[in-house]
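# Descriptive structure summary
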Amino acid sequence: MSPLLEIILILTSAKVLGELAERAGFPSLVGEISAGILLGPALLGLVLPGETIEIFSDIGIIALLFISGAQLNIRTFTRSEKAGAVTAAGGIAVPFVLGILLGFLSGFDLVVSLFIGITLSVTSIGISVRTLVDLRQLKSSAGTLIVSAAVIDDIVGILLLSVLMALAAGTAAGPAVILPVLLTIVFLIVVVYAGRKIIPWLFEKAGRAHTHEMPYSAAIIIALATAALSHGVGLHYSIGAFIAGLILGDSIRRDRSLFDSISDFAFGFFVSIFFVFVGLLFPPFTSEVASFFLIPFIAVAFAGKIIGGYTGSRPFLTGKRAPLMVGIGLCPRGEITLVVAKVALTAGIVGSVLYSSIVIMVLATILSTPFLLTWGFHSLEQSKDAR
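Numbering of residues starts from 1 in every chain and runs along the sequence as written. Given that this is a predicted model, residues contribute local features only at a pLDDT of at least 70 and side-chain atom pairs are listed and counted only at 80 or more, while totals for whole chains, interfaces and linings are drawn from all residues. As a convention, hydrogens and water are excluded, and side-chain values are obtained from all of the structure's heavy atoms.

Let us look at the overall build of the protein chain. Put simply, DSSP marks the helices as runs of H or I at least four residues long and the strands as runs of E at least two long, and each gets a number from the N terminus on. Within the protein chain, the regular secondary structure consists of 16 helices and zero strands. Computed over C-alpha atoms, the radius of gyration of the protein chain comes to 20 Å, within 12% of the 21 Å expected from 2.2 N^0.38 for 387 residues, which places it in the range of a compact globule. Each principal axis of the C-alpha distribution contributes one length, and for the protein chain these read about 65 × 55 × 50 Å. Accessibility here uses a 1.4 Å probe with only protein chains present; expressed as a share of the type maximum, an area under 20% marks a residue as buried, one over 50% as exposed, and anything in between as partly exposed. The 387 residues of the protein chain split such that 54% are buried. By sequence separation, contacts in the protein chain at least 24 residues apart represent 79% of the contacts at least 6 residues apart. Between the mean site of the 23 positive side-chain charges and the mean site of the 22 negative ones, the protein chain shows a separation of 12 Å. In this setup the radius of gyration rests on C-alpha atoms only. A globule is expected at 2.2 Å times the number of residues raised to 0.38. Contacts are assigned to residue pairs with any non-hydrogen atoms lying within 4.5 Å of each other. Charge assignment in this entry is limited to Lys and Arg as positive and Asp and Glu as negative, and neither His nor the chain termini are counted. The atom standing in for a charge is NZ when the residue is Lys, CZ when it is Arg, CG when it is Asp and CD when it is Glu.

Structure, rendered in C-alpha cells:
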C-alpha cells in the first residue's frame, strides 16, 4: 500500500473510531489508538509503522505539546513549579522502587530489575495531555500539575534510561552518563531563560511581515526548531515543543484565529496520526507472556504512579479527589516506553517474554487511564456541585 493510501486509511479509521469513543463519553484518543491496534501488526496488519508515518507522528506529538503549552499561562505554570517537582519526585520514586523490588522478587538480575523500575517511572506526556484536552481539564489545578509533573517525569526518565544503557554497556562511569545530563541542563537553561526573550522577539518580528500567514509559519517553525533542539540533546521532541508553546502562549492566544487555525489543523491531522502510530507500535498479540509476572507488573504500574502522584500532590491540592486524579493522570506509559523496550530487546538487555509483558502493561495503562480520568473528573465535578 502506498504511503498516501496508508495516511487516508489511518485518518479515516482514527476519526471514525474517535467519534464513536466521544459519543460513548470517552476521550477520542481511545478510538484513535484502537484504530492503530486494529490496522497494525497486532491485528489486521494492513499498515506497518514505517518511516513516513513516523515522521507525521513526530510532528503530531510536537503539535500536541506545543498547543498544550500555548493554552497554559506561563506565570501560573511557573508558580506550580515546586508542586510539579515534588509530585514528579513521588511519581518517579515510588514506581521505580516498586519496579526494582518486583524485578528481584521475580528472579531478574540487577540490570533487568533497574530497567523494570525505569520503565514504570516514565509517564507518556502525550497520552496524559490529550486526555486532559479532550476532558477540558488542561487548565484545572489537577491538570496543570499532571502536565508539570509529566514533563519532569519524561526528562528524568530519559536520563535514567541513558544511565542504564551505559551501565549495560559497561561505561557507567564515563561520558556516556555525564554528557546527557550536562546537555540537558544546558538545553533547559538556554531555552527556558534565553528563550523567554528570544522566542517572543522572533515571533513579534514575524508578525510585522507583509505575508499574512507569516505568524502561522513562524509559530510552526519555532515549535519544530525547539523540538529538534530538544531531541538533539537526547530528550524527547515533546519537551522542547511544550516549553516553546508555554513561552509563546500569551502571544498566540491574543490572536484567536491564529490559535484556532493551528489547533484545528494539528488535531484534525497530525495529532490523530500520532495516536494511531502509538497503536501501530504494538506487536502481534502472543501467548509468550510470563503470566505469574504480568498481573503484579500491571498492578505495580498503576499503584506506583497513583500512590506516588497522590502523595506528591496532596500538600498542594485541596481534598482527596484532586490528588487522586493527579496520580491517575501520571499512569499512562506510551511510545517512549515501547521504543526503549524495543531497543533493550535488540541489545539483549531483556528477553521476548519480558518485552511482551511490557507491551501489555503499556496497552493496559494507555487504554485504562482515559476511562479512569473521565470517571474521576466527573466525580470531582459532582462533588463540587454538591457543595
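There's plenty left to go through after this.
Next up on the list: helix α5 (residues 81-105). Helical geometry note: an α-helix holds 3.6 residues per turn, so side chains three or four residues apart project in the same direction. For α5, spanning 25 residues, the distance from its first C-alpha to its last is 36 Å, which sits close to the expected 36 Å at 1.5 Å a residue. Within α5, the full set of buried residues consists of A83, G84, T87, A88, G90, G91, I92, P95, G99, I100, L102 and G103. Two residues or fewer past α5, G107 is found with a positive phi of approximately 90 degrees. A helix is expected to span 1.5 Å multiplied by its residue count minus one.

Let us now look at empty space enclosed by the protein. Space inside and on the surface of the protein is sampled on a 1 Å grid over the protein atoms alone, with a cavity defined as a set of points where a 1.4 Å probe fits but cannot get out and a pocket as an open set with protein on both sides within 12 Å along at least 5 of 7 lines; lining residues have an atom within 4 Å of a point. Grid points are joined across faces, edges and corners, and a volume is the space filled by probe spheres set on the points. For the coordinates displayed, the defined rule picks out one cavity of 30 Å³ or more. What the largest cavity holds in volume is close to 40 Å³. Lining the largest cavity we find I118, T119, V122, L161, I336, T337 and V340. Counting only elements with at least two residues in the lining of the largest cavity, the list comes to α6 (110-121) and α15 (335-346). Examining the composition of the lining of the largest cavity, we find that three residues originate from one element, α15, more than from any other. Within the lining of the largest cavity, the residues separate by chemical class into five nonpolar, two polar and no charged. Residues were grouped as follows: Ala, Val, Leu, Ile, Met, Phe, Trp, Tyr, Cys and Pro as nonpolar; Asp, Glu, Lys and Arg as charged; and all remaining residues, including Gly, as polar.

All axes here are fitted lines through C-alpha atoms, helices being fitted over the stretch that makes contact, and every angle between N-to-C directions spans 0 to 180 degrees. Between helix α1 (residues 3-23) and helix α3 (residues 51-71), the least distance of the axes is 10 Å, while the angle of their chain directions is 50 degrees. As far as their axial angle goes, α3 and α1 are oblique. Note that α1 runs across α3; the crossing there is right-handed. Contacts between α1 and α3 involve P3, E6, I7 and I10 from the former and T52, I53 and F56 from the latter. What sets the label is the angle itself: under 35 degrees gives roughly parallel, over 145 gives roughly antiparallel, 65 to 115 gives roughly perpendicular, and the rest give oblique. Helix crossings get a hand from a simple test, with the near helix turned counterclockwise from the far one by less than a right angle marking a left-handed crossing and a clockwise turn marking a right-handed one.

Turning to the pattern of salt bridges, a few remarks are in order. Throughout this description, the term salt bridge denotes a Lys or Arg side-chain nitrogen within 4 Å of a carboxyl oxygen of Asp or Glu. All told, the structure shown has eight salt bridges when counted by the stated rule. In this structure, E32 and R130 form a salt bridge, with 3.1 Å as the shortest nitrogen-oxygen distance. Of the two residues, E32 is situated in helix α2 (residues 28-39) and R130 in helix α7 (residues 125-134); the sequence distance between them amounts to 98 residues. Under the relative-accessibility criterion, E32 is labelled buried at 1%. Note on R130: relative accessible area 3%, which makes it buried. Across the salt bridge formed by D134 and R130, the nearest N and O atoms sit 3.1 Å from each other. With a gap of four residues between them, D134 and R130 both fall in helix α7, about one helical turn apart.

Stacked, edge-to-face and tilted are the three classes for Phe, Tyr and Trp ring pairs, Trp counted by its six-membered ring, which pair at centre distances within 6.5 Å; planes under 30 degrees apart are stacked, over 60 edge-to-face, the rest tilted. Counted according to the given criterion, the structure contains eight aromatic pairs. Ring centres of F56 and F270 lie 5.9 Å apart, and the angle between their planes is 25 degrees; on these two criteria the pair is classed as stacked. On the criterion of sequence distance, the pair formed by F56 in helix α3 and F270 in helix α12 (residues 256-280) is long-range, its members being 214 residues apart. Among the aromatic residues, ring-to-ring pairing joins F56, F265, F269 and F270 into one connected group.

A few words now on the side chain of S313. Structurally, S313 can be placed in helix α13 (residues 291-313). Relative accessible area serves as the criterion here: at 0%, S313 is assigned to the buried category. Once residues within four sequence positions are removed from consideration, S313 is found in contact with T87, L145, P323 and V326.

It is the contact of α3 with helix α11 (residues 237-254), at a shortest axis distance of 6 Å, that shows an interaxial angle of 40 degrees. Taken together, the axes of α3 and α11 lie oblique to each other. When the axes of α3 and α11 are compared, the crossing they make is right-handed. Here α3 contributes D58, I61, I62, L65, F66, S68, G69, A70 and Q71 to the contact with α11, which in turn contributes Y237, S238, A241, F242, A244, G245, L246, L248, G249, I252 and R253. Looking at the contact of α3 with α11 residue by residue, the class counts come to twelve nonpolar, six polar and two charged.

With that settled, consider the side chain of Q137. By the element assignment, Q137 lies in the loop between α7 and α8 (141-169). Apart from the residues within four sequence positions on either side, Q137 is in contact with L132, G143, F377 and E381.

In this section: unusual backbone geometry. Its identity is not glycine, yet R136 carries a phi of approximately 55 degrees, on the positive side. Residue position: R136 is located in the loop between α7 and α8. Accessibility expressed as a relative area gives 74% for R136, which makes it exposed.

This next bit is on a nonpolar patch on the surface. Taken together, the side chains of M1, L4, L5, I8, L38, L43, L44 and L46 present a nonpolar region at the surface, about 790 Å² in accessible area. Among the elements that make up the nonpolar patch, the one with the highest residue count is α1 (three residues). If you trace the backbone, I8 turns up in helix α1. In this analysis, a patch consists of residues with relative accessible area above 30% that form no salt bridge, clustered at 9 Å for like charges and at 5 Å for the nonpolar side chains Val, Leu, Ile, Met, Phe, Trp and Tyr. Accessible surface area values rest on a Shrake-Rupley calculation with a 1.4 Å probe, where residue burial reflects the displayed protein chains alone.

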